[in-house]
Amino acid sequence: QVQLVESGGGLVQSGGSLRLSCDASGISITIYSMAWYRQAPGKERALIATITSSGITNYPDSVKGRFTISRDNAKNRVSLQMNNLKPEDTAVYYCNAVYSNALGFNRHYWGQGTQVTVSS
């Protein structure tokens, strides 16, 4: 059974920092592209950080320079360091793992989410 378990969410003041972690079991994330999404109340789930299996990262402008995604394949963990948090960063944050190959084999997993609340 594959599980992605997020942790590290909580309440923080504007300008503060949080570090989210996503621990995977049932898969080896080594071959997976990993990502963080977030969903604010009344809004669609949005991609905020990705890291490929080779370590290439990408961010939307809304978090670029403030958020950093990293992976530790030995620990089967992906993390999201969030600095200079703003009230608009308030959302449920989800971990995502994706694998696909040229033969059409693909897998896609989600964590259960962790709440991040930024007070002004």
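Small disclaimer: the values here were computed from a predicted structure and weren't measured.

Asks: Account for the pattern of salt bridges, with residues named and values stated.
Replies: Summed over all chains, the structure comprises four salt bridges. Here R38 ties to D89 by a salt bridge, and the two come within 2.8 Å at their closest N and O atoms. Remark: D89 occurs in the loop between β8 (77-82) and β9 (91-100) and R38 occurs in strand β4 (residues 33-39); sequence separation between them is 51 residues. Take R38: its relative accessible area is 13%, and that puts it in the buried class. The shortest N-O distance in the salt bridge between R66 and D89 comes to 2.7 Å. Of this pair, R66 sits in the loop between β6 (57-58) and β7 (67-72) while D89 sits in the loop between β8 and β9, and the two are 23 residues apart along the sequence. The burial state of R66 is the same as that of D89; both residues are buried. Among the charged side chains, a salt-bridge network with shared partners connects R38, R66 and D89.

Asks: Talk me through the state of the cysteines; I want residue IDs and the actual numbers.
Replies: By the definition in use, this model includes one disulfide. Across a sulfur-sulfur distance of 2.1 Å, C22 and C95 are joined as a disulfide pair. Here the disulfide of C22 and C95 is left-handed, its torsion about the S-S bond being about -80 degrees. With C22 in strand β3 (residues 18-25) and C95 in strand β9, this pair connects stretches of sequence that are 73 residues apart.

Asks: An account of the pairing of strand β10 (residues 106-110) is needed here, citing residue identities and associated values.
Replies: Here β9 pairs with β10 via five bridges, running antiparallel. Paired with Y99 across the bridge in β10 is R107.

Asks: Provide a residue-level description of unusual backbone geometry, including the pertinent values.
Replies: At N76, a residue that is not glycine, the phi angle is positive and equals roughly 55 degrees. Positive phi is not limited to glycine here, since N84 has a value of about 50 degrees. Its place among the elements puts N84 in the loop between β8 and β9. For N84, a relative accessible area of 43% corresponds to the partly exposed category.

Asks: Can you break down the packing of aromatic side chains residue by residue, with the values?
Replies: Going through the model one piece at a time under the given rule, you end up with five aromatic pairs. Arranged with centres 6.4 Å apart and planes meeting at 90 degrees, the rings of Y94 and W110 form a pair that is edge-to-face. Note that Y94 is positioned in strand β9 and W110 in strand β10, a separation of 16 residues in sequence. Aromatic rings pair up to connect Y32, Y99, F105 and Y109 into one cluster. In this structure, R45 is placed above the aromatic ring of Y94, and the distance from its NZ or CZ to the ring centre is 3.6 Å. Just above the ring of W110 sits the side chain of R45; from NZ or CZ to the centre is 4.6 Å.

Asks: Go over the nonpolar core with me, naming the residues and quoting the values.
Replies: One finds W36, L80, M82 and Y93 to be the most contacted residues of the largest nonpolar core, which totals 30 residues. Only β3, β4, β5 (46-51), β7, β8, β9 and β11 (114-119) provide two or more residues apiece to this core. No other element matches β9, which puts five residues into this core. What M82 contacts, discounting residues up to four positions off in sequence, is G16, S17, L18, L20, R66, F67, Y93 and V116.

Conventions adopted
- Residues numbered from 1 in each chain as written.
- Predicted model: local features only at pLDDT ≥ 70, side-chain atom pairs only at ≥ 80, totals over all residues.
- Heavy atoms only, no water.
- Salt bridge = Lys/Arg side-chain N within 4 Å of Asp/Glu carboxyl O.
- Helix = DSSP H or I, 4+ residues; strand = E, 2+ residues; numbered from the N terminus.
- Buried < 20%, exposed > 50% of the residue type's maximum accessible area, 1.4 Å probe, protein only.
- Disulfide = S-S within 2.5 Å.
- Pairing = 2+ DSSP bridges.
- Phe/Tyr/Trp six-rings, centres within 6.5 Å; stacked < 30°, edge-to-face > 60°.
- Lys NZ or Arg CZ within 6 Å of the ring centre and 35° of its normal.
- Core = buried A, V, L, I, M, F, W, Y, C linked by side-chain atoms within 4.5 Å.
- Contact = heavy atoms within 4.5 Å.

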